[in-house]
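If you want the building blocks of each chain, they are given just below.
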Amino acid sequence: SGASSPTGDAVESPDTPPLTVTSAGAAAASAAAERGGGVGGSRPLGICAAASVGLFGGSVLVPLKFLPSDEFSGVASLAFLPSFGCGCLAAAASLAAAFRACRGEPVPLGSRGTLLAGLGSGLVWNLSNACQLLAMSAYSVPYGVAYPILQASLVVAGLLGIFLFREIRQPSAIAVFFASA
């Protein structure tokens with residue numbers, strides 16, 4: 001049987017099902033966060049990654065500005081989503097190829113549970129994109145209002161991580177979360 005981690009989750013062992021690999025990763029991340037460090041990274045790298053997420057996330061819908069507004073208004077703006085999904089797939093494949101080229105090893109994919117969680121979160125995220133497109137095109141909600149509402153999901157996820165999953169336990173880290181939210 002598998003060993004127990006500091007958070008009480010099962011740790012990977014030969015007779016533990018693959019789904020608990022994710023739990024072991026969460027336990028390692030939680031333990032590293034409690035020590036005040038990250039998981040396998042540096043502060044400048046983390047700041048660059050956060051800035052990149054803000055830059056790319058904030059420009060997700062920029063290509064829509066180049067579409068003819070008379071043809072792609074209202075519900076017709078949803079026609080953009082399949083090409084957006086293909087672009088995300090191509091970008092992810094490019095990043096995986098770059099990772100392999102730099103490290104000389106394939107990207108670790110994790111377990112089946114990790115794959116299903118990733119696919120599920122991608123589905124929910126793209127559904128939220130569809131709702132944002134509809135709000136902006138069919139109901140004339142400005143981008144400056146629609147995008148922050150979409151990003152409020154980060155606050156909900158953070159609250160779940162703090163109170164339900166207990167991923168963040170340091171009072172100072174929780175205070176920074178609430179100050180930033």
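The structure this text deals with has already been given above.
Quick caveat, the model's predicted, so the values are computed rather than measured. (Residues numbered from 1 in each chain as written. Predicted model: local features only at pLDDT ≥ 70, side-chain atom pairs only at ≥ 80, totals over all residues. Heavy atoms only, no water.)

Talk me through the packing of aromatic side chains; I want residue IDs and the actual numbers.
Within this structure, the stated rule accounts for 5 aromatic pairs. A ring pair is formed by F84 and W125, whose centres lie 5.6 Å apart and whose planes are at 35°; its orientation type is tilted. Of the two residues, F84 sits in helix α3 (residues 80-103) while W125 sits in helix α4 (residues 112-137), which places them 41 residues apart along the sequence. Owing to a relative accessible area of 12%, F84 belongs among the buried residues under this scheme. Given the relative accessible area of 37%, W125 is considered partly exposed. One aromatic cluster in this structure is built from F80, F84 and W125. (Phe/Tyr/Trp six-rings, centres within 6.5 Å; stacked < 30°, edge-to-face > 60°. Helix = DSSP H or I, 4+ residues; strand = E, 2+ residues; numbered from the N terminus. Buried < 20%, exposed > 50% of the residue type's maximum accessible area, 1.4 Å probe, protein only.)

Give me unusual backbone geometry: which residues, what numbers.
Note: most residues except glycine have negative phi, and most peptide bonds are trans. One non-glycine residue with positive phi stands out, namely S140, at about 55°. Relative to the helices and strands, S140 is located in the loop between α4 and α5 (143-151). Assessed through its relative accessible area of 59%, S140 is described here as exposed. With a phi angle near 55°, R166 is a residue other than glycine that sits in the positive phi range. Relative to the helices and strands, R166 resides in the loop between α6 (153-164) and α7 (171-180).

Account for the nonpolar core, naming residues and giving values.
Among soluble globular proteins, nonpolar side chains are generally buried collectively. In terms of nonpolar packing, the biggest core is built from 8 residues, these being V60, L61, L64, F80, L81, F84, A130 and L133. By residue number, the principal contributor to this core is α3, which donates 3 residues. Ignoring anything within four residues of it in the chain, the contact list for L61 reads F80, Q132, L133, M136 and Y143. (Core = buried A, V, L, I, M, F, W, Y, C linked by side-chain atoms within 4.5 Å. Contact = heavy atoms within 4.5 Å.)

For the packing of α3 against α4, give the residues involved together with the corresponding values.
Taken N-terminus to C-terminus, the directions of α3 and α4 make an angle of 140°; their axes are 11 Å apart at the nearest point. Relative to α4, the crossing made by α3 is right-handed. Side by side, α3 and α4 meet where F80, L81, F84 and C88 of the first sit next to W125, N126, N129, A130 and L133 of the second. (Axes fitted to C-alpha atoms, helices over the stretch in contact; angles between N-to-C directions. Left-handed = near helix turned anticlockwise from the far one by under 90°.)

Before we move on, can you summarise the packing of α4 against α5 with the specific residues and values?
Where α4 contacts α5, the axes come no closer than 10 Å and their chain directions differ by 160°. Comparing their axes, α5 and α4 come out roughly antiparallel. Our pair here, α4 against α5, has a crossing hand that is right-handed. Packed against α4, whose contacting residues are S128, N129, Q132 and M136, the element α5 presents Y143, A146, Y147 and L150 at the interface. Here the contact of α4 with α5 is built from residues that sort into 5 nonpolar, 3 polar and no charged. (Parallel < 35°, antiparallel > 145°, perpendicular 65-115°, else oblique. Nonpolar A, V, L, I, M, F, W, Y, C, P; charged D, E, K, R; others polar.)

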